[in-house]
Amino acid sequence: MNRLARISVVTLSVVVFLYVGLGYLLGKTSDDKSYRSLSVFGEVLQHIQEDYVDEPNMAVVTAGAMHGLLESLDPLSGYLSPREYADYRDRMKNSVHGEIGMTVSKRYGYIVIVSVVPDGPAEKATLRSGEILESIGGFNTRDMSVGQANALLQGAPASTVKLAVIRRGKTEPQEFSVNRAVIVPQHIVADRVGDDVAYIRMPAMEPLDVSELRDKLAQFDKQGLHKLLLDLRDCTRGDAAEAVSAAQLFLTSGKIASLEGQTVSRKDFDAEPGKAVWHSSVDVLISPSTSGAAEILAGAIKGNKRGDLVGERTFGSASEQKIIPMDDGGALILTVAFYSTPDGKSIVEDGVAPTVEVHPKAIDPSTEPSDKEDEAPLGPGQLPKSDDPIYNKALDLLKGGEAQKAA
């Protein structure tokens, strides 16, 4: 460590100790635990600097501490280094950027795939939801935030990113090279699937999707259809405000969701009778690849006893993040508020549980996903396959009259 760096670290330690001691003596806060935690942090920093076997790179140590601190909060909070934050700002200025078409989060200490976009680069490379990304671009994801992962996954269209993926049922990672592309907005899939049954799959909670949903619901209603299957599997993208708008199409009364955080005043989102379009029966298909805004819609349907949720518990990520620039040129991505269901349960902590639990077909670990077409997300315009157990159960419930009452 050079002299300037050593002086900086010592100065930082002194400032921390002075802040802790002075704040404690003057009683600046009633929470003594905060000061004790700062004191322990300063003490650990000093021991690393003075007692570690080699002279540590304190910049690396500090960055690691930042990542660990934020990762302990929730999967979507994280730290961007000055370079990563600069790259992020550049991407935001450019409306056209390449990606591989998948939503990721953090589970088991690593970056995991929540869902992939049908016909996107990731889906074409046979990547599937639930698989673990051990490394992205040669960087291990063990100490990587979701923000960092997204930064590495994005880039110039037609450029390539290398991935090491641990597939379901496997223990060793498999190498992939995936070309980035511009992901175009997807349209909803809607069709009649029975004498009195309609089917709609939502690819995202974007304004286009919700507008198409409204039009299709009105069209099905005019056609005299009275039962609907709403498929929210693999729906991970979009805005919470659009999810609220989508829920209002199904509800004439009741609460849709609530948003609250330490610095975010509680806000309740309610149904508006004049916006309801579909008053007949509805069942919703969900899975662990249902996350974010889609969970708000699913939770609203379930919480108001508007219909059954069929499938598996959702991922659990409906929350709001804030980017806070730091003095070093980096930035914090900090979760500032959680969405909760009408009955007050945090979606991030609990996900949204099905009312009728159905698991997909068992996977044979000896069979590569690329050889099993049924594991891939449905492509644009495709309806569920005839052997889809979640779809079939939801359809049986509707046809058998077991679905919850209409609005």
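Shown above is the structure to which this text applies.
Described in the following lines is the structure provided in the data block. (Residues numbered from 1 in each chain as written. Predicted model: local features only at pLDDT ≥ 70, side-chain atom pairs only at ≥ 80, totals over all residues. Heavy atoms only, no water.)

## Quick notes on the side chain of Ser-135
Move 1: For Ser-135, the location among the structural elements is in strand β4 (residues 132-136).
Move 2: The exposure class assigned to Ser-135 is buried, which follows from its relative accessible area of 14%. (Helix = DSSP H or I, 4+ residues; strand = E, 2+ residues; numbered from the N terminus. Buried < 20%, exposed > 50% of the residue type's maximum accessible area, 1.4 Å probe, protein only.)

## Some points on the nonpolar core
Move 1: Counting residues in each nonpolar core, the largest one holds 45 residues, and the members touching the most others are Met-205, Leu-230 and Phe-250.
Move 2: With 7 residues, the top contributor of residues to this core is helix α9 (residues 293-303).
Move 3: Ranked by size, the runner-up nonpolar core spans 20 residues in total, among them Val-146, Ala-149, Val-161 and Val-165. (Core = buried A, V, L, I, M, F, W, Y, C linked by side-chain atoms within 4.5 Å.)

## Quick look at the pairing of β4
Move 1: Counting buried residues in β4 gives 4 out of 5 residues, a clear majority hidden from the surface.
Move 2: In this structure, strand β3 (residues 110-116) lies alongside β4, joined through 2 bridges in antiparallel fashion. Bridge pairing in β4 links Ile-111 to Leu-133.
Move 3: Bridging between β4 and strand β6 (residues 160-166) involves 4 bridges; their strand directions are antiparallel. When the bridges of β6 are listed, Ser-135 appears paired with Ala-164.
Move 4: Bridge count for β4 against strand β5 (residues 139-140) is 2 bridges, and the pairing is antiparallel. In the strand pairing of β5, Ser-135 is matched with Asn-140.
Move 5: Linking two consecutive strands that pair antiparallel, namely β4 and β5, is a turn of 2 residues; a positive phi of about 60° is found at Gly-137 within it. (Pairing = 2+ DSSP bridges.)

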